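As a plain string of letters, each chain reads:
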Amino acid sequence: VQLVESGGGLVQPGGSLRLSCAASGFTFSIYDMSWYRQAPGKERELVARITRVGGITNYADSVKGRLTISRDNTKNTLYLQMNSLKPEDTAVYYCNAARRRTNNNYWGQGTQVTVSS
């Protein structure tokens, strides 16, 4: 099983980034997918989630209206479009795959996002 994040980097406040998470080694389409983030000295927090059925999304209040999660089951890839970025969005962003029925839970290695002028 592999989850490989990419697309992180340094961006100015107000800028945009698009994160990707390429999945392999499991049946991507039957997993709920999420993005989490962890800032220095803070606990890891849920940013956004998209369900396996219906693509229902939910977001942390701090990112609503600015970040958009999506998935492409034909490419086994999860995305996070990040707009109007703020310095407080600075963190390592992690991709997560979860399936309650089998209690499977997979994590990527993370990608750094830094928002600074």
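Colleague: Can you tell me about the overall build of the chain, naming the residues and giving the values?
Modeller: Of regular secondary structure, the chain possesses zero helices and eleven strands. In the chain, the order of α-helices and β-strands from amino to carboxyl end is β-β-β-β-β-β-β-β-β-β-β. Over its C-alpha trace the chain gives a radius of gyration of 14 Å, about what one expects of a compact globule, namely 13 Å for 117 residues. Seen through its C-alpha atoms, the chain measures out along the principal axes to roughly 45 × 25 × 25 Å. Going through the 117 residues of the chain one by one, you find that 40% of them count as buried. Considering only intrachain contacts with a sequence separation of at least 6, the fraction spanning at least 24 residues in the chain is 54%. Taking the average place of the 14 positive charges on the side chains of the chain and the average place of its 8 negative ones, the gap between the two points comes to 7 Å.

Colleague: Lay out the state of the cysteines with the relevant residues and their values.
Modeller: Enumeration according to the criterion identifies one disulfide in this entry. One disulfide in the model links Cys21 with Cys95; its S-S distance is 2.1 Å. Between Cys21 and Cys95 the disulfide shows an S-S torsion of about -80 degrees. By sign, it is left-handed. Of this pair, Cys21 sits in strand β3 (residues 17–24) while Cys95 sits in strand β9 (residues 91–99), and the two are 74 residues apart along the sequence. For the pair shown, Cys21 and Cys95 are each scored as buried.

Colleague: Which residues make up the nonpolar core, and what are the values?
Modeller: One finds Met33, Trp35, Leu78, Leu80, Met82 and Tyr93 to be the most contacted residues of the largest nonpolar core, which totals 29 residues. Counting only elements with at least two residues in this core, the list comes to β3, β4 (32–38), β5 (45–50), β7 (67–72), β8 (77–82), β9 and β11 (111–115).

Rules used throughout
- Residues numbered from 1 in each chain as written.
- Predicted model: local features only at pLDDT ≥ 70, side-chain atom pairs only at ≥ 80, totals over all residues.
- Heavy atoms only, no water.
- Helix = DSSP H or I, 4+ residues; strand = E, 2+ residues; numbered from the N terminus.
- Rg over C-alpha atoms; globule rule 2.2 N^0.38 Å.
- Buried < 20%, exposed > 50% of the residue type's maximum accessible area, 1.4 Å probe, protein only.
- Contact = heavy atoms within 4.5 Å.
- Lys, Arg positive; Asp, Glu negative; His and termini not counted.
- Charge placed at Lys NZ, Arg CZ, Asp CG, Glu CD.
- Disulfide = S-S within 2.5 Å.
- Core = buried A, V, L, I, M, F, W, Y, C linked by side-chain atoms within 4.5 Å.

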